[in-house]
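Architecture and fold: a report
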Amino acid sequence: LDDPSVASNNIGKDDAKVERIRRMPGTFEKMLQIMAIMYRKLDMYDKAVECYNEVSILLTRMELSSSHGDNNGILNDAKVTTNMNGECDDINLIQQKEKVASSSHSIGDILFDTGEYSRALESYNEALQLRRLLAKYNNCKELDVASTLCCKGATLLK
């Protein structure tokens, strides 16, 4: 029972299990993104929106479990720390928020295509809020802000 070789072998197996579990949400997120794109190409818009919503929920849960704060799932200035170059220290959090913003924008695109303009505006506003915040930490994201503003403007013209 007290054989060290058995104990170290079990530790290795446990580490592999923990690593697989740690990667699962990312795998699900990628799978849902692909499914959403496929549903959209098949003109199955309701299913595509469901997948994008699931991506947002999954990413928000991943953030909440890793950060233990920000209960409403919105990145806020007080929580984000920056290094000497003004870049965000928590790159995983930023990447998750970028994906949530992208999902919200994609939902807006689908709703626009289906003529649900008021709901599309809501989705674009969500994406815009996140993208503006992300642009504070990464100037390249200003193009994403411009893209969302353009879509929001086109929606308001309808």
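Not measured: the values here are computed from a predicted model.

Observations concerning the packing of helix α3 (residues 91-113) against helix α4 (residues 117-135)
Close contact between α3 and α4 brings their axes to 8 Å; oriented N to C, the two are set at 160°. When the axis of α3 is compared with that of α4, the two are roughly antiparallel. Crossing handedness for the pair α3 and α4: left-handed. For the contact of α3 with α4, a count of residues per class yields 12 nonpolar, 5 polar and 6 charged.

A closer look at α4
With 19 residues, α4 extends 26 Å from end C-alpha to end C-alpha; this agrees with the ideal 27 Å at 1.5 Å per step. Regarding α4, the residues found buried are A120, L121, S123, Y124, A127, L128, L130, R131, L133, L134 and A135.

Brief notes about the nonpolar core
One finds Y52, L59, I107 and I110 to be the most contacted residues of the largest nonpolar core, which totals 19 residues. Ranked by the residues each element gives to this core, the list is headed by helix α2 (residues 45-67), at 8 residues. Apart from the residues lying within four places of it in its own chain, the contact partners of Y52 are Q33, A36, I37, S103, S106, I107 and I110.

A short note on the environment of M62
Of note, M62 is situated in helix α2. According to the relative accessible area criterion, M62 is buried, its value standing at 19%. Sequence-distant contacts of M62, that is, excluding residues within four places in its chain, are made with P25, G26 and Q96.

So, the packing of aromatic side chains
Tallying each qualifying case throughout the model produces 1 aromatic pair. Ring geometry for F112 versus Y117: centroids 5.5 Å apart, planes at 70°, classification edge-to-face. We classify Y117 as partly exposed; its relative accessible area is 30%.

Focus on the packing of α4 against helix α5 (residues 142-157)
Interhelical geometry of α4 versus α5 gives an angle of 160° and a closest axis separation of 9 Å. On the basis of their axis angle, the class for α4 and α5 is roughly antiparallel. For the pair α4 and α5, the sense of crossing is left-handed. Residues Y117, A120, L121, Y124, N125, A127, L128, R131, R132 and A135 of α4 form the contact with α5, whose participating residues are E142, D144, V145, T148, L149, C151, K152, T155 and L156. Looking at the contact of α4 with α5, its residues break down into 11 nonpolar, 3 polar and 5 charged.

A word on α3
Under the 1.5 Å per step criterion, the end-to-end length of α3 is 33 Å for 23 residues, consistent within 8% with the ideal 33 Å. Once α3 ends, the next one or two residues include G115, with phi positive near 85°.

Cut-off values and rules
- Residues numbered from 1 in each chain as written.
- Predicted model: local features only at pLDDT ≥ 70, side-chain atom pairs only at ≥ 80, totals over all residues.
- Heavy atoms only, no water.
- Axes fitted to C-alpha atoms, helices over the stretch in contact; angles between N-to-C directions.
- Helix = DSSP H or I, 4+ residues; strand = E, 2+ residues; numbered from the N terminus.
- Parallel < 35°, antiparallel > 145°, perpendicular 65-115°, else oblique.
- Left-handed = near helix turned anticlockwise from the far one by under 90°.
- Nonpolar A, V, L, I, M, F, W, Y, C, P; charged D, E, K, R; others polar.
- Expected span 1.5 Å × (residues − 1).
- Buried < 20%, exposed > 50% of the residue type's maximum accessible area, 1.4 Å probe, protein only.
- Core = buried A, V, L, I, M, F, W, Y, C linked by side-chain atoms within 4.5 Å.
- Contact = heavy atoms within 4.5 Å.
- Phe/Tyr/Trp six-rings, centres within 6.5 Å; stacked < 30°, edge-to-face > 60°.

Everything listed here is a matter of geometry and, on its own, says nothing about what the molecule does.
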